[in-house]
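Coordinates in review
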Amino acid sequence: MDQPTILAPGEPHPVLTRRECGTSPIVLISDHAGRRVPARLGSLGLADSALRRHIGWDIGIWAVTELLADSLDAVAIGQAYSRLVIDNNRPTDVPGSIPIISETTDIPGNTGIAEAERAARYSEIMRPYHARIAAELDRRAGQPVFLISMHSFTPVYMGIARPWHIGTLYYRDFRLARALFELLGAEPGLVVGDNEPYAVSDQSDYSIPVHGEARGLPHVGLEIRQDLITDAAGQQRWAALLARLLPMAVSQI
């Protein structure tokens, strides 16, 4: 029997890139940049309004990442397809890899899928994205590299309001996260989370453990609250702030 194919001919490649020849030692990645669903999967049984919510992607973050890449002359690599198809920042052996429920929303198109389809979603969507990141890091072997994983988070989760404007995330290696946390904390009016609203772990994360920790690269996960970057003005404001502070943080490592 033929293996299932997720992406039809002519559908967009899963990997988004910006500033591919960027000269900065900073490499930006965005696991949840897009919300596209392959045509073969329909809408996963969801209304378009649900796919536009935070469960489908990290709202606003790819726009911030592109602006930041341009300001720093840094390469940016993003994922075009929704994390509801396959979550590119989850180990494939955890339930959240292809979720059947996200927050309180059931994902009908992910219920009871065959192992062959799981494998196809990985090979056609997740693997090319991480292969592109790995190739970029391999190309820079022997050079200083600082990995920045860009995310955004919903202001309210499971009915609980989140006060942070931005959080710096890490697991075993907190060098860059700590330096950036201190710089952000010195900015007037900012509420900065230390491993908030999430903390990195081997069970909940893939990109930082694999591309950052395993290679010994200084890294940080950034989470920006989505209501701050839903429009162009907010996106430009946060990109400008990070373009100013990230080189300062990197210089301390």
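First things first, this report covers the structure right here in the doc. (Residues numbered from 1 in each chain as written. Predicted model: local features only at pLDDT ≥ 70, side-chain atom pairs only at ≥ 80, totals over all residues. Heavy atoms only, no water.)

**Considering the packing of aromatic side chains**
- Considering all chains together, one arrives at one aromatic pair under this definition.
- With 6.3 Å between their ring centres and 65° between their planes, Y170 and F174 make a pair best called edge-to-face.
- Looking at Y170, the relative accessible area reads 15%, which means it is buried.
- On the basis of relative accessibility, which here comes to 49%, the residue F174 falls in the partly exposed class. (Phe/Tyr/Trp six-rings, centres within 6.5 Å; stacked < 30°, edge-to-face > 60°. Buried < 20%, exposed > 50% of the residue type's maximum accessible area, 1.4 Å probe, protein only.)

**Brief notes about the nonpolar core**
- Counting residues in each nonpolar core, the largest one holds 37 residues, and the members touching the most others are I26, L28, I148 and M150.
- Residue assignment for this core shows that the elements contributing at least two residues are β2 (26-30), α2 (61-72), β6 (146-153), α4 (175-185), β11 (219-225) and α6 (232-251).
- Looking at this core, the element that brings in the most residues is α6, giving nine residues.
- Those residues in contact with L28 that lie beyond four places of it in its chain are T65, L68, A69, A74, V75, A76, I77, I148 and M150. (Core = buried A, V, L, I, M, F, W, Y, C linked by side-chain atoms within 4.5 Å. Helix = DSSP H or I, 4+ residues; strand = E, 2+ residues; numbered from the N terminus. Contact = heavy atoms within 4.5 Å.)

**Here's the deal with the layout of surface pockets**
- By volume, the largest pocket amounts to about 700 Å³.
- In terms of lining residues, the largest pocket is bounded by 34 residues, among which H32, R83, D87, R90 and Y198 are the most central.
- Counting residues per element, the ones that place at least two in the lining of the largest pocket are β4 (101-102), β6, α5 (207-213) and β11.
- It is β6 that provides the largest number of residues to the lining of the largest pocket, a total of four residues.
- A per-class count over the lining of the largest pocket returns 13 nonpolar, 13 polar and eight charged. (1 Å grid on protein atoms, 1.4 Å probe; cavity = no way out; pocket = protein on both sides within 12 Å on 5 of 7 lines; lining within 4 Å. Points joined across faces, edges and corners; volume = space filled by probe spheres on them. Nonpolar A, V, L, I, M, F, W, Y, C, P; charged D, E, K, R; others polar.)

**Focus on the sheet that holds β11**
- The strand order β1-β3-β2-β6-β11-β9-β10 describes an open sheet built from seven strands, whose pairing is mixed. This sheet does not close on itself; its edge strands, each paired only once, are β1 (15-18) and β10 (192-194). Each strand of the sheet is rotated relative to its neighbour by a mean of 20°, with strand direction disregarded.
- Where strand β9 (residues 166-169) and β10 come together, three bridges link them in parallel fashion. Counted as the bridge partner of T168 is D194 from β10.
- Across the face of the sheet, helix α3 (residues 115-139) comes into contact with β1, β2 and β3 (75-79) while running at roughly 165° to β3. (Pairing = 2+ DSSP bridges. Axes fitted to C-alpha atoms, helices over the stretch in contact; angles between N-to-C directions.)

**Some words on α2**
- Between the first and last C-alpha of α2 there are 16 Å, a value that for 12 residues agrees with the 16 Å anticipated at 1.5 Å per step.
- For α2, the elements touching its buried residues are β1, β2, β3, β6, β11 and α6.
- Of the residues trailing α2, D73 is marked for its positive phi of about 55°. (Expected span 1.5 Å × (residues − 1).)

None of the figures reported here should be taken as evidence of function without further support.
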